Amino acid sequence: MRHGSIPGAQGRVLTLSLLGDPVLHTPCEEVTDFGPQLARLVEDMFATMYAAQGVGLAANQVGQSLRVFVYDCPDDEERRHVGHLVNPRLVEADGLLLRGPEGCLSLPGLEAGTERYDHAIVEGSTLDGELVRVHGTGFFARCLQHECDHLDGGVYADRLKGWRHRRVMRQAARASWGR
């Protein structure tokens with residue numbers, strides 16, 4: 001039997017910030033107020049992530065320049081990881097450096113082979129300020145690194161080089177949302 005509510009069930013779907021929006025390219029601010037507004041933001045972020053069929057979402061992707069992200073992401077063994085992190089810090093990214101397909105809700109419909117490590121550890125807090133450490137492997141490690149990049153003011157396209165970067169930027173410019 002499930003205890004507690006399903007994340008996002010009480011949330012409202014927010015508008016996504018798209019590539020080119022300055023909020024996506026500015027490092028986010030530390031959260032200092034762990035009150036009801038933060039809980040509401042996290043609930044709304046889950047609702048937005050699920051509505052957009054994503055596996056992770058950072059606060060700046062919904063226009064809030066705060067160090068917060070949510071996730072509902074499988075690892076390579078199909079174990080589901082669901083949660084949120086406030087003021088997260090990527091403390092370890094190691095193992096194999098793999099190029100794999102990566103997309104982003106802020107670049108809808110686009111994808112590119114992006115290099116990420118297959119192991120990551122992120123430390124942060126819960127909504128209650130409790131310190132937590134999240135370990136990720138495989139696809140979940142990719143998700144953790146991707147969301148931490150967002151909070152530092154980056155998108156996956158920033159990690160691309162050469163023809164991969166040029167291709168994604170051309171596709172973004174041609175996309176209906178990129179005009």
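Along every chain, residues carry numbers that run from 1 in the direction the sequence is written. In view of the model being predicted, local features appear only for residues whose pLDDT reaches at least 70, and side-chain atom pairs are presented and counted only at 80 or more, with totals across whole chains, interfaces and linings using the full set of residues. Water and hydrogen atoms were dropped before computing side-chain values, which therefore reflect all heavy atoms in the structure.

- The name recorded for the protein in an unreviewed UniProt entry is Peptide deformylase, from Streptomyces ureilyticus.
- UniProt positions are given in the numbering used here, feature names are shortened, and annotations may be inferred rather than shown by experiment. Under the Catalytic activity (unreviewed entry) heading, UniProt states for the protein: "N-terminal N-formyl-L-methionyl-[peptide] + H2O = N-terminal L-methionyl-[peptide] + formate".

A short note on the overall build of the protein
- Strands are runs of DSSP state E lasting at least 2 residues, helices are runs of H or I lasting at least 4, and numbering of each runs from the N terminus. On a plain count of helices and strands, the protein comes out with three helices and five strands.
- Listing every helix and strand of the protein by position from the N terminus yields α-β-β-β-β-β-α-α.
- Scaling as 2.2 N^0.38, a compact globule of 179 residues should have a C-alpha radius of gyration of about 16 Å, and the protein matches this with 16 Å.
- Seen along its three principal axes, the alpha-carbon backbone of the protein occupies a region of about 45 × 35 × 30 Å.
- Burial status across the protein gives 46% buried among its 179 residues. Atoms considered for the radius of gyration are the C-alpha atoms alone. The globule rule reads 2.2 Å times the number of residues to the power 0.38. Exposure classes here rest on a 1.4 Å probe applied to the protein chains alone. A residue is buried below 20% of its type maximum, exposed above 50%, and partly exposed in between.

Quick notes on the nonpolar core
- Core analysis: the biggest nonpolar cluster contains 15 residues, and L41, M45, L57, V62, V68 and V70 have the highest contact counts within it.
- Among the elements of the structure, α1 (36-51) and β2 (68-74) are those that each provide at least two residues to this core.
- When residues in this core are grouped by element, the largest group, six residues, is from α1. Buried Ala, Val, Leu, Ile, Met, Phe, Trp, Tyr and Cys residues form a nonpolar core when they are joined through side-chain atoms within 4.5 Å.

Considering the side chain of H84
- Residue position: H84 is located in strand β3 (residues 80-103).
- Pairs of N or O atoms within 3.5 Å make up the polar contacts considered here, provided that, within protein, one atom can donate a hydrogen while the other can accept it, and that residues adjacent in sequence are counted only when both atoms are side-chain atoms. Here the side chain of H84 touches L127 through a polar contact of 3.0 Å, landing on its backbone nitrogen.
- Once residues lying within four places of it in the same chain are set aside, the contact partners of H84 are V42, F46, F69, V70, Y71, S125, T126 and L127. In this analysis, two residues are considered to be in contact whenever any of their non-hydrogen atoms come within 4.5 Å of each other.

A word on the UniProt feature "binding site: Fe cation" (unreviewed entry) in the protein
- Taken from the UniProt record, the annotation "binding site: Fe cation" (unreviewed entry) applies to C104, H146 and H150. These residues run over 47 residues, yet every pair of their C-alpha atoms falls within 10.2 Å of each other. Within this annotated set, the largest pocket is lined by C104 and H146.
- With respect to the helices, strands and loops of the structure, C104 is situated in the loop between β3 and β4 (111-125).
- Its relative accessible area of 10% is what places C104 among the buried residues. Points on a 1 Å grid, built from protein atoms alone, make a cavity when a 1.4 Å probe fits but cannot get out and make a pocket when they are open with protein on both sides within 12 Å along at least 5 of 7 lines; residues with an atom within 4 Å of a point are the lining residues.

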